[in-house]
Amino acid sequence: MTDETQHTLGHDFHKDSSKVSLNKRGCYFLVFIVIALPVVVGVVVWHLTDRACNGSSEDGTGGNQVPVVGTSVGSTVQVTTAGPSTTEPWKYLRLSGDVKPVHYEITLYPDFYDDNGWFYGNETAELNVIKSTKFILIHTNHMNVTHTELNYSDGTNIPLARTWWYAENQFWVVEAEDVVRAGTVFLKLRFDGSLTQAIVGFYKSSYTNSVTGKRRHLASSKFQPVDARRAFPCMDEPGLKAEYTVTLVHKRGYIALSNMPALTTSPWEHNSSLVATPFKRSVPMSTYLVCFVVCDFANITSTTKYGNEIRVFATPDRIQQAEFSLKVMKMSMELYQDLFKVEFPLPKNDMIGIPNFVSGAMEHWGLITYREVNMLYDPLQASAANQQRVAVVVAHEIAHMWFGNIVTMDWWDDLWLNEGFASFVEYLGANVSEPAWEMLDQMVVDDVKPVMVTDAGVNSHPIVVDVNHPDQINEVFDAISYSKGASILRMLQEILGGEAFFNGISAYLKKYEWSTATTDQLWDELGQVRGGYSVKEVMDTWTLQMGLPYINISTAPGSGGITNVMASQHRFLAHKSLAYDPNESPFRYKWFVNLDYIDGNEYKTQWITKDQDSVTFSVSQTQPVKFNVKDTGFYRVNYPDTVWRDFAQRLNQSGPNAIPEPADRTGLIDDSFNLARGGYLSYDVALKMTSYLDREFHHLPWDSAFNGITYIKDMFLNSGMFNTLRKYILTKVRPVLDKITWNDEQSSHLEKLMRSNLIQLACDFSDTDCYGNATQRFRDFVDRNISIPPNLRLHVYKYGMSADGSEADWEFLWQRFLVETVPQERVNLMYGLSFTKHVWLLNRYLDYCKDPTKILSQDFFAVVTYISRNPVGNSLAWDWVRNNWEYLVTRFTTGSRSLGRLVPSIVDKYNSRFKLQEVEDFFVKYPDGGAGSRGRDQARESIQRNIIWMRDNSGNIKDWLENNLADA
Ligand code: BES
Ligand code: ZN
């Protein structure tokens, strides 16, 4: 995954939450409107009770304790500030487990029609009181609870002393007059809330049907991790699984969807102008998997070979773009069932593209929701990268049906059991659908190598990490949980062999089916590895401490043509001078390393255990061996300079075939650049590895080279060295691009991906031909309406706009953007618009972001980030974000991961003390980093490293480039 294409490929860690909080004042105002507006009579009757206003904190995730109004008994309660105690269970973030949910019966009426935007709900929660208690706590947020009633199972009413909302921990607290006896109780609640304040929870979206020209609305939901409590009161922890019986009330002419199949729709008892669609009672599941949709969409259907009914829903004008994702859905469901030997347990499975969706996609069980760009694919309009993204996202979400839905992590500290697994299994699903794409190898450049960069910082974190507050829970959806999680599973598969690995996984799924599991329970099912070590002792070193090792190889000739090898392990850091305390890790930053290699034609392995600093062994050849076969191990390898030079020379002399596996060449290039960047290896060596690239025609090595070169380019952007680098790189890129040309009609999928990187490199290094080509196609498109081949569009819009985009050109793209129905093309246009050189246009574009009729909430962060990647736009975006910080926090809350990622993504290329100071000043002025707290530490660390890098490397890189240009 490269920087620029991050929005089309790979895991996407900076584009989700677009929460809009309801501040206290806004809330009372809305309550007033609800009471005053003549809503459907039935609803008012249904809801005519007292109300309290929840969700009054600014950040939408809690905040300071506020006095709140009790409802059922009408008394005002001053919440005390005393520390947590068992007599005040609401003071704890976590539920005690003394009361467990069994079944929720929920009726919801989302009134999203025309300009309306409110929902009304009523619920009966069947609860199992395990230990008698006076308090029943249930999560709510941003809603009014208007009626609370508690009954024993025989119907006897339980008198309540008071009920109130405890903002800090988002609890609706129900206090009984006397102790509630152990056994079953029924908690009845009525509640209502806004559909328009956020795009998480239960919310409204709109779209224009391009065929009818009509504006249409819908309601849909997205709860993970902590937003189910915005839509219905619930015990909102993943371990508290329960069953759900849902009824959705809606207008005729709309369809209602939920996790389970719909039963018969009939007129609603409270208002016969509406209908009610009840759904079958669900299987036991976590609250975050519940989903509600009311819309007017169309669908296509299929059936898997195991007889599962599958459907894909989209807006009626876009449904023809859903064929590809239906195919991937079918093939991955079949594959996973074969591989994991556990059936898909629901009677149906649906997927749906939502016009405004906060994440890439969400694995609601039986009703998977997507941002349209990740589910729809039109072969005539979207690129190879776009198609791959759809395949990967679909295969990822389907993987969650097993990893996450059937077996769920017990608590968010083991999130990787969901996301790491899905991020690994997604490659298997995409691969079975598109075998020619070499997906299993692509994992090296899309997950393994990129996350090594993140994990080498001292502000990384272990895969298994303590999280409690909602902001921390949001924050842990990051590259470590996803990509490192996936990478260590791939490594374990290699160590155990496929059969043992998949058998163990299957046993794990069967054992914890319908329940929850922990990382240790997974390891237990996987047993032992070679040498009698337990999987747990090997894998703990990868999950319980952050970071990764590099293996230092030294060699000496032995007698009779053998080579003696010494391999030692050391923590790999983004820069070798970074200070850390080994005692902060339970394993003192030593790992269990499976060092593997090909000796002659034989595959061999060597353990370096967590108790060993080094091992010695011999190989039966004199030619240097490449360790870490196909880079399946989560470590880097450093060799003596002579060995590195030997690799480079072999590649130079014999071309790519000297090291036949593309993943191995990728590993060498990626490791050499990153070792050089960290000060472990001279840049001369890494640059030498690029010498052969003019003959490299595989996507993988080019992708790693792209990343290594781009870092140097970003550092040199404002310096005189840029031109020297430019000349050199173009001697490598040009020959390949000239050979494959811009015409991709005959190209394989992987060649299309490679071409995209090469065009970007060539144009970013101001290659005249490249720019000429892009501008000409841009003019053809704008002036003569000649369409651009899908794989080139992103680049043509970007470079065409940046080369000579006028105000009229900007306006032309903008008008297309507003009416575009192909989601990927919308992104291309949105991207192109960010690259104008006219500062005032960029400023206006930034201001458009504040208008949701122009830029959807889901796209907000993408636009600001794209502008910041425009050399002309970066300081503009930085100023804009600083000037608008309070607005951003109010609109998105500090709990938003996307907001958390925003500043780091703008500043992490900075490489001067002056810029570092600006960033520090900003963090001091706004100390609450929320879900971006770790991101801030990482950004600061990056800038500090960039400063050191400039000091240490500018000179020698320049010398090397000049010498080698002279040779060329
Ligand atoms: N479970 C996540 C959705 C999610 C992400 C919920 C972040 C809460 C916070 C889903 O399975 C997912 O991982 N989506 C990715 C796309 C995926 C293919 C990598 C996303 O939204 O970025
Ligand atoms: Zn996921």
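Presented here is an overview of the structure given in this document. Treat the numbers as computed from the prediction; the structure is a model and nothing was measured.

About the thresholds
Residues numbered from 1 in each chain as written. Chains lettered and ligands numbered in written order. Predicted model: local features only at pLDDT ≥ 70, side-chain atom pairs only at ≥ 80, totals over all residues. Heavy atoms only, no water. Helix = DSSP H or I, 4+ residues; strand = E, 2+ residues; numbered from the N terminus. Rg over C-alpha atoms; globule rule 2.2 N^0.38 Å. Buried < 20%, exposed > 50% of the residue type's maximum accessible area, 1.4 Å probe, protein only. Contact = heavy atoms within 4.5 Å. Donors = N, O, S within 2.8 Å, 3.2 Å for Na, K, Ca; no water. Core = buried A, V, L, I, M, F, W, Y, C linked by side-chain atoms within 4.5 Å. Pairing = 2+ DSSP bridges. Axes fitted to C-alpha atoms, helices over the stretch in contact; angles between N-to-C directions. Disulfide = S-S within 2.5 Å. Near = heavy atom within 4 Å. Polar contact = N/O pair within 3.5 Å; in protein donor to acceptor, adjacent residues only side chain to side chain. Areas by Shrake-Rupley, 256 points an atom, 1.4 Å probe, with all protein chains shown as cover. Nonpolar A, V, L, I, M, F, W, Y, C, P; charged D, E, K, R; others polar. Expected span 1.5 Å × (residues − 1). Arc of directions from axis to C-beta. Parallel < 35°, antiparallel > 145°, perpendicular 65-115°, else oblique. Left-handed = near helix turned anticlockwise from the far one by under 90°. Phe/Tyr/Trp six-rings, centres within 6.5 Å; stacked < 30°, edge-to-face > 60°. Salt bridge = Lys/Arg side-chain N within 4 Å of Asp/Glu carboxyl O.

Another point: the overall build of the protein. Each helix and strand in the protein was counted, giving 28 helices and 29 strands. What you see for the protein is a C-alpha radius of gyration of 29 Å, in line with the 30 Å of a compact globule of 968 residues. Looking at the protein as a whole, 64% of its 968 residues are labelled buried. Contacts spanning at least 24 positions in sequence make up 73% of the contacts within the protein whose residues lie at least 6 apart.

To continue, consider the coordination of the zinc ion (ligand 2). In the first shell of the zinc ion (ligand 2), the protein supplies H396 (NE2), H400 (NE2) and E419 (OE), at 1.9 to 2.1 Å from the metal. All donors to the zinc ion (ligand 2) come from one chain, and their sequence spacing reads H-x3-H-x18-E. Here the residue H396 occupies a position in helix α4 (residues 384-402), and E419 occupies one in helix α5 (residues 416-433), the gap between them amounting to 23 residues. In this structure H396 comes out as buried when scored by relative accessible area, which is 6%.

With 316 residues, the main nonpolar core has F232 and W402 as its most contacted residues. Not counting the four nearest positions on each side in its chain, F232 is found in contact with Y104, I106, E123, H139, M143, F191, F223, Y244, V290 and F292.

As a further point, take the sheet that holds strand β10 (residues 201-208). The antiparallel open sheet is built from four strands, whose spatial order is β10-β11-β16-β13. The outermost strands of the open sheet, each flanked by one partner alone, are β10 and β13 (255-258). Recorded for the sheet is a direction-independent mean angle of 15° between the axes of neighbouring strands. The pairing of strand β11 (residues 215-222) with strand β16 (residues 292-295) spans two bridges and is antiparallel. Bridge assignment links A219 to a residue of β16, and that residue is V294.

To continue, consider the state of the cysteines. Evaluated as defined, the whole model comprises one disulfide. Between C763 and C770 runs a disulfide, and the two sulfur atoms are separated by 2.4 Å. On the sign convention where negative is left-handed, the bridge of C763 and C770, at about -100° about the S-S bond, is left-handed. Since its relative accessible area comes to 2%, C763 is described here as buried. When its relative accessible area of 2% is taken as the criterion, C770 is described as buried.

Near ligand 1, the surroundings consist of 18 residues, among which Q224, G360, E363, E419 and Y482 are the closest. Taking A361, its main chain carries an N or O atom lying 3.3 Å from a nitrogen atom of ligand 1. Between ligand 1 and E363, the relevant distance is 2.6 Å, taken from a nitrogen atom to a side-chain nitrogen or oxygen of the residue. In isolation ligand 1 offers 510 Å² of accessible surface; the protein chains occlude 98% of this area. Where the shell around ligand 1 is concerned, the elements lending two or more residues are β20 (361-362) and α4. Among the elements that line the shell around ligand 1, the one with the most residues is α4, at four residues. Its residues assigned to classes, the shell around ligand 1 shows six nonpolar, six polar and six charged.

Our next topic: helix α12 (residues 641-654). For α12, spanning 14 residues, the distance from its first C-alpha to its last is 20 Å, which sits close to the expected 20 Å at 1.5 Å a residue. The set of residues buried in α12 consists of V643, W644, F647, A648, R650 and L651. Along the axis of α12, the buried residues cluster in a sector spanning 160°; they form a single face. Residues of α12 that are exposed and angled more than 90 degrees away from the buried face: T642 and Q653. Residues of α12 that are buried sit in contact with β24 (548-557), β29 (636-638), α13 (662-677) and α14 (683-688). Just downstream of α12, G655 is the residue with a positive phi angle, here 80°.

The next point concerns the environment of I729. In this fold, I729 is placed in helix α16 (residues 721-740). What makes I729 buried here is its relative accessible area of 3%. Once residues within four sequence positions are removed from consideration, I729 is found in contact with I709 and F765.

Right, let's get into helix α10 (residues 519-526). For an α-helix, the turn length of 3.6 residues means that residues three or four places apart are oriented alike. Residues T519, L522, W523 and L526 constitute the buried set of α10. Down the axis, α10 shows its buried residues gathered within 95° of arc, on one side only. In the core, the buried residues of α10 are packed alongside α5, α8 (479-496), α9 (498-511) and α11 (535-543). Remark: G527 follows α10 within two positions and exhibits a positive phi of approximately 70°.

For the pair helix α19 (residues 790-804) and helix α20 (residues 807-819), interaxial distance at closest approach is 9 Å and the crossing angle is 155°. Here α19 lies roughly antiparallel to α20, going by the angle between them. With respect to the hand of their crossing, α19 and α20 are arranged in left-handed fashion. Where α19 approaches α20, its residues Y797, M801 and D804 are matched on the opposing element by D809, W810 and L813.

With respect to the secondary-structure elements, M754 resides in helix α17 (residues 749-764). In this structure M754 touches E696, F697, H698, H699, W702, V736 and I740, once residues within four positions along its chain are discounted.

Our focus in this paragraph is the sheet that holds strand β25 (residues 563-572). Overall, mixed pairing links the four strands, which are arranged β28-β25-β24-β29 in an open sheet. Two strands close off the open sheet at either side, each with one partner strand: β28 (614-619) and β29. Across the sheet, the mean angle from the axis of one strand to that of its neighbour is 30°, orientation sign disregarded. Both β25 and β28 contribute to a ladder of six bridges, which runs antiparallel. If you follow T563 over to β28, its bridge partner there is V619.

Another point: the pairing of strand β26 (residues 593-599). Summarising burial for β26: six of the seven residues are buried, a large majority. Bridge count for β26 against strand β27 (residues 602-608) is seven bridges, and the pairing is antiparallel. In the sheet register, V593 faces β27, and the bridge partner there is I608. Connecting the antiparallel pair β26 and β27 is a turn made up of two residues, with G600 showing a positive phi of about 65°.

Moving on: the packing of aromatic side chains. Aromatic rings considered in pairs are described by the distance between their centres and by the relative angle of their planes. Summed over the entire model, instances satisfying the criterion amount to 77 aromatic pairs. A ring pair is formed by F592 and W607, whose centres lie 5.3 Å apart and whose planes are at 90°; its orientation type is edge-to-face. Within this pair, whereas F592 is found in the loop between β25 and β26, its partner W607 is found in strand β27, the two being separated by 15 residues in sequence. Residue F592 is classed as buried on the basis of its relative accessible area of 2%.

As a further point, take the pattern of salt bridges. Two side chains carrying opposite charge are able to pair once their charged atoms lie near each other. A full pass over the atoms with the stated rule returns 59 salt bridges. Among the ionic pairs, D764 bridges to K798, the shortest N-O distance being 3.7 Å. Pair noted here: D764 is in helix α17 and K798 is in helix α19, with a separation of 34 residues, a long-range link. Considered together, D764 and K798 belong to a single accessibility category, that of buried residues. Between K915 and E918 there is a salt bridge, and its shortest N-O distance comes to 3.4 Å. Of the two residues, K915 and E918 are both situated in helix α27 (residues 913-925); the distance of three residues between them amounts to about one turn of the helix.

Where helix α22 (residues 839-848) contacts helix α23 (residues 860-869), the axes come no closer than 10 Å and their chain directions differ by 160°. Judged on the interaxial angle alone, α23 and α22 are roughly antiparallel. Read as a crossing pair, α22 and α23 show a hand that is left-handed. Residues L842, Y845 and L846 of α22 form the contact with α23, whose own contacting residues are V863, V864 and I867. A per-class count over the contact of α22 with α23 returns six nonpolar, no polar and no charged.

On to unusual backbone geometry. With an omega dihedral of -5°, the bond running from Q224 to P225 counts as a cis peptide bond. Turning to its location among the elements, P225 is positioned in the loop between β11 and β12 (243-250). Even without glycine at this site, D631 takes up a positive phi of about 50°. Relative to the helices and strands, D631 is located in the loop between β28 and β29. Even without being glycine, N785 reaches a positive phi, approximately 55°. Here N785 is to be found in the loop between α18 (768-784) and α19.

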